[in-house]
Amino acid sequence: MLVDLHTHTYLSDGKDSHEEMVAAAIFRGINEIGFTDHVSIKPVDWAMPIERVNDMVKRVEAVRKSTNSQTIKIKLGAEVDYFVGHEQPIKEIINSLPLDYVIGSVHFLDDWNFDTDISPYDEINIDRFYKQYFKVLQQSAQSGLFDIIGHCDLAKKFRYYPSFSLDELYKKTAQIFKDSNVVVELNTSGRIKPCNEFYPAAAFLQHLARFKVPITLGSDAHVEQNVGQFFDDAITELKALGYKEIVTFTKRNREYLKI
Ligand SMILES: [Zn+2]
Ligand SMILES: [Zn+2]
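Everything numeric here is computed off the predicted structure, so don't read it as measured data. (Residues numbered from 1 in each chain as written. Chains lettered and ligands numbered in written order. Predicted model: local features only at pLDDT ≥ 70, side-chain atom pairs only at ≥ 80, totals over all residues. Heavy atoms only, no water.)

Draft legend 1. Up close: the overall build of the chain. Across its full length, the chain carries seven helices and twelve strands. Scaling as 2.2 N^0.38, a compact globule of 259 residues should have a C-alpha radius of gyration of about 18 Å, and the chain matches this with 17 Å. Considering only C-alpha atoms, the chain reaches an extent of 50 × 40 × 30 Å along its principal axes. Per-residue burial over the chain gives 55% buried out of 259 residues. Taking the intrachain contacts of the chain between residues at least 6 apart in sequence as the baseline, contacts between residues at least 24 apart amount to 76%. Put simply, the chain shows about 11,400 Å² of open surface, and 50% of that area lies on carbon and sulfur atoms. Seen as two clouds, the 30 positive and the 37 negative side-chain charges of the chain have centres 6 Å apart. (Helix = DSSP H or I, 4+ residues; strand = E, 2+ residues; numbered from the N terminus. Rg over C-alpha atoms; globule rule 2.2 N^0.38 Å. Buried < 20%, exposed > 50% of the residue type's maximum accessible area, 1.4 Å probe, protein only. Contact = heavy atoms within 4.5 Å. Areas by Shrake-Rupley, 256 points an atom, 1.4 Å probe, with all protein chains shown as cover. Lys, Arg positive; Asp, Glu negative; His and termini not counted. Charge placed at Lys NZ, Arg CZ, Asp CG, Glu CD.)

Laid out in structure tokens, this is it:
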């Protein structure tokens, strides 16, 4: 079974409609698609304004009704920004929505959106940046707010790398993910970014496998052409590490699907 639990539509920073994304998923043999438009307590131009979040719920419910569930299952998720110290308002918005699952993503360190604003990278201490990123990432898992941790080594996106080996940070973070009972997505979109590899990197995924952290799949598609991108390679990588199942969610309950 194949799931793509990380996709965006025109409601946040994607381009295409829910119907177009569903058609692409069916065409690529995906059994279940989850919509995860951005929800952020900090107003940003790539997330839905909070007052439009209910549109997302209605659109997904409408497309679910108009789609034959034997052909593909449709899940309502959200990609929610994590901010240290703002757990309560994040929790309130999550709990106000009838979500199947929540992806927690770290896109910000303090006020810097390191996912889209490339200008500071040449100015900063990259070693310190990585240490701070992994610390906030670990806190996002420990917060208990999220079912899935999104693109869990996004710090590498623009090919800025630390001077030290990341192995210890990978290992410690994998242990924290296990202890926090979160699922991690194998996010294939990194392959079309400057870093040119999945999130997480193969060496990080090896630690996750050793700690038996459950995995799900997400393309992070913002256009229908990218739905399910590189999933053959992703499944091959997971099987080589001993994974036999991937995870999906219904009403925030975990289910395991054979791969
Ligand atoms: Zn993201
Ligand atoms: Zn995303």
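Alright, that's what it looks like, and here's the rest.
Draft legend 2. Inspection of the side chain of His8 at higher detail. Within the fold, His8 resides in the loop between β1 (3-4) and α1 (18-27). A polar contact is formed between the side chain of His8 and the side chain of His6, at a distance of 3.2 Å. Within the structure, His8 has its side chain in polar contact with the backbone oxygen of Thr36 (distance 3.2 Å). Apart from residues lying up to four places away in sequence, His8 is in contact with Asp13, Gly14, Met21, Thr36, Asp37, His38, Glu79, Asp220, Ala221 and His222. (Polar contact = N/O pair within 3.5 Å; in protein donor to acceptor, adjacent residues only side chain to side chain.)

Draft legend 3. Examining the coordination of the zinc ion (ligand 2) more closely. Around the zinc ion (ligand 2), the protein contributes the donor atoms His6 (NE2), His8 (NE2), Glu79 (OE) and Asp220 (OD), at 2.1 to 2.2 Å from the metal centre. For the zinc ion (ligand 2), all donor residues lie on one chain, and their spacing in sequence is H-x1-H-x70-E-x140-D. For the pair the zinc ion (ligand 2) and the zinc ion (ligand 1), the metal-to-metal distance amounts to 3.5 Å, and Glu79 bridges them. In this pair, Glu79 is assigned in strand β4 (residues 73-81) and Asp220 in the loop between β10 (215-218) and α7 (231-240), connecting sequence segments 141 residues apart. (Donors = N, O, S within 2.8 Å, 3.2 Å for Na, K, Ca; no water.)

Honestly, it's all geometry; don't read function into it.
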